[in-house]
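A look at the structure
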Amino acid sequence: MVPTGGGAPSGWWLGAAMPRALTLCVAMGLALGVIGSPPAAAGDDDGAVAAGVHRAAADCAEVKCVALTFDDGPSRYTERYLKILKRHGAVATFFVIGSQVSGRASTLVTMAAQGNEIASHTWSHPALTSLSGGQIRQQVERTARQVAKITGKRPSLLRPPYGSVNGRVLAALGEADVAAIMWDVDTRDWQSRSPSAVFGHIKRETHRGSIILMHDLHRASADALERIIHYLDKRGYTLVTVTDLLGGTVKPGKAYYSGRR
Ligand code: NI
């Protein structure tokens, strides 16, 4: 079901790499000639990250990695998340809802071009535990086709809506060739809608290997994102995609809550 083999598909090159955000972003920006203003300046970063720039992949066995993840998009806020990530040379993993993708194809193109990982959050956000195996596979397949039509790559990771999994769901996900990605830091951004509350969760709960749950359906985490990236960078964390966090060991049908501690 997954057309690409075990190696690193070309589209992952950018995703495979995340420089220490702040220390490197200025240097990279100068090297690429794309940063004309300090990182604090907002909304003016249309300079393209040069496609095909091969950064050395972060080795999460060597450095402290964490993964930012965003669910429930793409939404009208997603481009804002992408701009902030780009300004800091950071990458994240976006678990997109398939039915929301068609009107926002260009957002997915930008997402992929910046080296972010595009993963699945099903087609219509049902609790998978309430579906039959066939219905689960359909949720995965329909989304995979939609994403692949735009980016050329099928997602290999899926976040179950509501974190709702059981053995039967995992078996169906295994047949559909995706792994279930859970989280260990829940910012509860959808509930508080408060940037400072989001930041507080991250400050208190993040450790090496964390998978941090946020939602790009709302703006709260976007309002907190710059502060989050600065904080994690200062604490010595490297931001990577979930696939990189898990070090290429992801198996379809398995559930993952965090990476190497
Ligand atoms: Ni969701």
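A short tour of the structure in this document, coming up. Values in this document were obtained by computation on a predicted structure and should not be read as measured data. (Residues numbered from 1 in each chain as written. Predicted model: local features only at pLDDT ≥ 70, side-chain atom pairs only at ≥ 80, totals over all residues.)

1. A closer look at the overall build of the protein
Of the regular secondary structure elements, the protein holds 10 helices and nine strands. Taking all 261 residues of the protein together, 45% fall into the buried category. In the protein, once contacts between residues fewer than 6 apart in sequence are set aside, the share between residues at least 24 apart is 78%. (Helix = DSSP H or I, 4+ residues; strand = E, 2+ residues; numbered from the N terminus. Buried ≥ 20, exposed ≤ 12 C-beta atoms within 10 Å, placed from the backbone. Contact = placed C-beta atoms within 7 Å.)

2. Topic: unusual backbone geometry
Residues Gly73 and Pro74 are joined by a peptide bond in cis, for which omega reads -5°. You can see Pro74 is positioned in the loop between strand 1 (65–73) and helix 3 (78–87). One non-glycine residue, Asp72, lies in positive phi territory at about 80°. Along the chain, Asp72 falls in strand 1.

3. Observations regarding the pairing of strand 2 (residues 93–96)
The alternating pattern of strand 2 places Thr93 and Phe95 and Phe94 and Val96 on opposite faces, both of which are buried. The sheet contact formed by strand 1 and strand 2 spans four bridges and is parallel. Considered in strand 2, the bridge of Asp71 is made with Phe95. A crossover links strand 1 with its parallel partner strand 2, the connecting element being helix 3, and its sense is right-handed. A crossover links strand 2 with its parallel partner strand 3 (residues 117–120), the connecting element being helix 4 (residues 105–113), and its sense is right-handed. (Pairing = 2+ DSSP bridges. Right-handed = clockwise from strand over helix to strand, strands pointing away.)

4. Focus: helix 9 (residues 220–234)
With 15 residues, helix 9 extends 22 Å from end C-alpha to end C-alpha; this agrees with the ideal 21 Å at 1.5 Å per step. If you look at helix 9, its biggest bend is around 40°, right at Glu226. When helix 9 is considered as a whole, its buried residues turn out to be Ala220, Ser221, Ala222, Ala224, Leu225, Ile228, Ile229, Leu232 and Asp233. Directly after helix 9, the chain includes Gly236, whose backbone phi takes a positive value near 85°. (Expected span 1.5 Å × (residues − 1). Bend = angle between axes of the 7 residues up to and from the residue.)

5. Quick word on the nonpolar core
By size, the foremost hydrophobic cluster in this structure holds 60 residues, and its most contacted members are Leu173 and Ile212. With seven residues, the single largest contributor to this core is helix 9. The residues touching Ile212, leaving out its near neighbours within four places in the chain, are Val66, Ala67, Leu68, Thr69, Trp183, Val185, Thr187, Ile202 and Thr206. (Core = buried A, V, L, I, M, F, W, Y, C linked by C-beta atoms within 7 Å.)

6. Looking at the pairing of strand 3
Here strand 3 shows a buried face lined by Glu117 and Ala119 and a second buried face lined by Ile118 and Ser120. In this structure, strand 2 lies alongside strand 3, joined through four bridges in parallel fashion. If you follow Phe94 over to strand 3, its bridge partner there is Ile118.

7. Things to note about the packing of helix 5 (residues 133–151) against helix 6 (residues 167–175)
Running from N to C, helix 5 and helix 6 cross one another at 50°; their axes reach a closest spacing of 9 Å. The orientation of helix 5 with respect to helix 6, classified from their angle, is oblique. In this structure, helix 5 meets helix 6 at a crossing whose hand is right-handed. Of helix 6, the residues touching helix 5 (which contributes Gly133, Ile136, Arg137 and Val140) are Arg168, Val169, Ala172, Leu173 and Glu175. The class makeup of the residues in the contact of helix 5 with helix 6 is five nonpolar, one polar and three charged. (Axes fitted to C-alpha atoms, helices over the stretch in contact; angles between N-to-C directions. Parallel < 35°, antiparallel > 145°, perpendicular 65-115°, else oblique. Left-handed = near helix turned anticlockwise from the far one by under 90°. Nonpolar A, V, L, I, M, F, W, Y, C, P; charged D, E, K, R; others polar.)

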